Amino acid sequence: MASKNKVGTKHPTSPFRQRAEDLWLEKNAESIIANEQSIPVTPDLVHELQVHQIELEMQNDELHQAQFDLEESRARFEDLYDSAPVGYFTVSKEGLILQANLTLSALLGLARGELVKQPLTRFIHREDKDIFHLLRKRLSSSNPSIESTANKQTCELRMLRADGTTFWGQLTSVFTKSVNKDSEVLNVVLLDVTESRRVNDALKISENRFRDIAHISADWIWEVDSNAIYTYASQSVYTLLGYRPDEILGKTPFDFMPPDEVIRVGEEFSRIVATKSSFKDLENIVIGKDGTSHITLTNGTPILDGHGELLGYRGVDRDITRYREMEAEVRDLAFFDTLTKLPNRRLLSDRLTQSIAASKRSERYCALMFLDLDNFKQLNDSYGHEVGDLLLIEVSKRLQSIVREIDTVARYGGDEFVIILNTLNINRTESKDYARVIAEKIIATLSQPYLLYETVGEDESLFQHYCTASIGIVLYYADFSSQDTILKQADLAMYEAKAAGRNTIHFSDHDQVRI
């Protein structure tokens, strides 16, 4: 049993030693048993030599595998180094290229072997060499013993190919110790950024163009996100609403609208957003910083991401307040008397057409009064047309105060007025009685004194004036007569009133009787 003690003798162990012991036991297990039975115990020296031999063989195998792995890793690195999409190269402290990958060779248009020992500045545009020298100076001031991205320096400059053509390159460089640690080298990455610079330059031109247009445009250019919150507002918003662009950002269009407009425009905008569609000529009212209302015309187009999801809208607001005011002025000129603001003959014709149609639907009588002021010419001749105009304005106000909202008071011309009394009664007599009451009220109201101003030089004098009117009335029903006939009958009745002594009423003898 002494052999067991010798075989199991403890020695300084290592991973190889322990594994060698195990292999030796496997190989010599039968010999050990036989020796224990019939042969003297194996000497320690033989055992030690055998185990050591196994250990050396294992170490040799490990070294071979490590060498293989290293070669394989080196080959993989060289493949990656050469096939990288950027140029890798090393530059000596003197500025000479020490090694380069195939991508750099392709970028500079020169075989890799011909690049080695060439000064890097040969491939830098002469106007940009100072940029590279500044980069090296910054690198020199860093600590090369600290291998950190903090020491990395980047610049963009124009590079020269072997054929003399140029391209924009981005150099990213860092100083490190050489392989043998006896000197410093510059490790450089070169990326061709010609296309990206072209795109960026085009983008800058486009942005500048947009900014210039936005700045000089009278329209307000804006962008909102998917929640309708402003993310951009051009300077023109100040001219339109009195707000600076920064006062608009973070708010929504509805923050600048009256409550009723928020509901109306909000519903319309919700329908637009639901379909991610563009919109045009959306008219809305916005409130300026000073509280003034503005009518704006809004056009917008959706901003979508690559998947078609809505990111927001961009568009233009145009202030059309003055345009709408001018439209109203043109409409007033076309349909209203400029002096009294009453409907003129054109609008009177439309109102009379509507009155006849309403009479036909309701089967009720209507009445038309033709009114002419008495002795109006004498006032004009004595005091001038300006005073006469003051009287006409006051007469129009008194007439409007007497009739209903459904009725019409129009200036027919000069000192003549026409009043339409709509949908009176299905009974002719009652309709006539109502028309008479209104006419008598008009006679009484217009007979009240007027306070008028006369201008003499720079002085104004107030004087009292009395005026009466003669009124002719015709009843009409449905569409039994034309407009011209109705007006003619009322006009004739008015002249009958004047012939009867003025300041009186006369009904037409030809008014229509309901059948």
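Note that the structure is predicted; figures quoted are calculated from it, not measured.

**Some words on the nonpolar core**
(1) Moving on: Of all hydrophobic cores here, the largest spans 38 residues; its most connected members are Leu371, Leu373 and Ile442.
(2) Moving on: Put simply, the parts of the chain that give this core at least two residues each are strand E11 (365–373), helix H13 (376–383), helix H14 (385–402), strand E13 (416–421), helix H15 (428–446), strand E14 (450–456), strand E16 (469–477) and strand E17 (505–507).
(3) Moving on: In contact with Leu371, other than residues within four places in its own chain, are Leu399, Asp415, Glu416, Phe417, Ile419, Ile442, Leu446, Ala469, Ser470 and Ile471.
(4) Moving on: One finds Phe123, Leu135, Leu157 and Leu190 within the second-largest nonpolar core, a separate group that totals 24 residues.

**Notes on the packing of aromatic side chains**
(1) Moving on: Scanning the entire structure with this criterion turns up 9 aromatic pairs.
(2) Moving on: Measuring from ring centre to ring centre gives 5.1 Å for Tyr243 and Phe256, while their planes differ by 70°; the resulting arrangement is edge-to-face. Of this pair, Tyr243 sits in the loop between helix H8 (236–241) and helix H9 (245–248) while Phe256 is found in the loop between H9 and helix H10 (259–274), placing the two residues 13 residues apart along the sequence.
(3) Moving on: For Phe256, a relative accessible area of 5% gives the class buried.
(4) Moving on: Here a set of aromatic residues connected by ring pairs shows up, and it is made of Phe254, Phe269, Phe279 and Tyr313.
(5) Moving on: When the ring centre of Tyr450 is taken as reference, the NZ or CZ atom of Arg398 above it lies at 3.6 Å.
(6) Moving on: Looking at Lys432, its charged tip hangs above the ring of Phe507, at a distance of 4.9 Å from the centre.

**Looking at the pattern of salt bridges**
(1) Moving on: What the rule picks out here adds up to 22 salt bridges.
(2) Moving on: The residue Arg158 makes a salt bridge to Asp128 at a minimum N-O spacing of 2.9 Å. Of this pair, Arg158 sits in strand E3 (residues 153–160) while Asp128 sits in the loop between helix H5 (112–115) and helix H6 (129–140), placing them 30 residues apart in sequence.
(3) Moving on: For Asp374, the salt bridge goes to Lys498, with nearest N and O atoms at 2.8 Å. Taken together, the residues Asp374 in the loop between E11 and H13 and Lys498 in helix H16 (residues 483–499) connect sequence positions 124 residues apart. Accessibility assignment for this pair places Asp374 and Lys498 in one class, buried.
(4) Moving on: One network of salt bridges, in which partners are shared, links Arg244, Asp246, Glu247 and Lys289.

**Points about the side chain of Asn380**
(1) Moving on: Of note, Asn380 is situated in helix H13.
(2) Moving on: Sequence-distant contacts of Asn380, defined by excluding residues within four places in its chain, comprise His385 and Gly388.

**Here we look at the environment of Ala228**
(1) Moving on: Structurally, the position occupied by Ala228 is in the loop between strand E6 (220–225) and strand E7 (230–233).
(2) Moving on: For Ala228, a relative accessible area of 8% gives the class buried.
(3) Moving on: C-alpha separation for the pair Ala228 and Thr252, spaced 24 residues apart in sequence, amounts to 5.6 Å.
(4) Moving on: Here Ala228 is in contact with Lys251, Thr252, Pro253 and Phe269, once residues within four sequence places are set aside.

Quick notes on the rules
- Residues numbered from 1 in each chain as written.
- Predicted model: local features only at pLDDT ≥ 70, side-chain atom pairs only at ≥ 80, totals over all residues.
- Heavy atoms only, no water.
- Core = buried A, V, L, I, M, F, W, Y, C linked by side-chain atoms within 4.5 Å.
- Buried < 20%, exposed > 50% of the residue type's maximum accessible area, 1.4 Å probe, protein only.
- Helix = DSSP H or I, 4+ residues; strand = E, 2+ residues; numbered from the N terminus.
- Contact = heavy atoms within 4.5 Å.
- Phe/Tyr/Trp six-rings, centres within 6.5 Å; stacked < 30°, edge-to-face > 60°.
- Lys NZ or Arg CZ within 6 Å of the ring centre and 35° of its normal.
- Salt bridge = Lys/Arg side-chain N within 4 Å of Asp/Glu carboxyl O.

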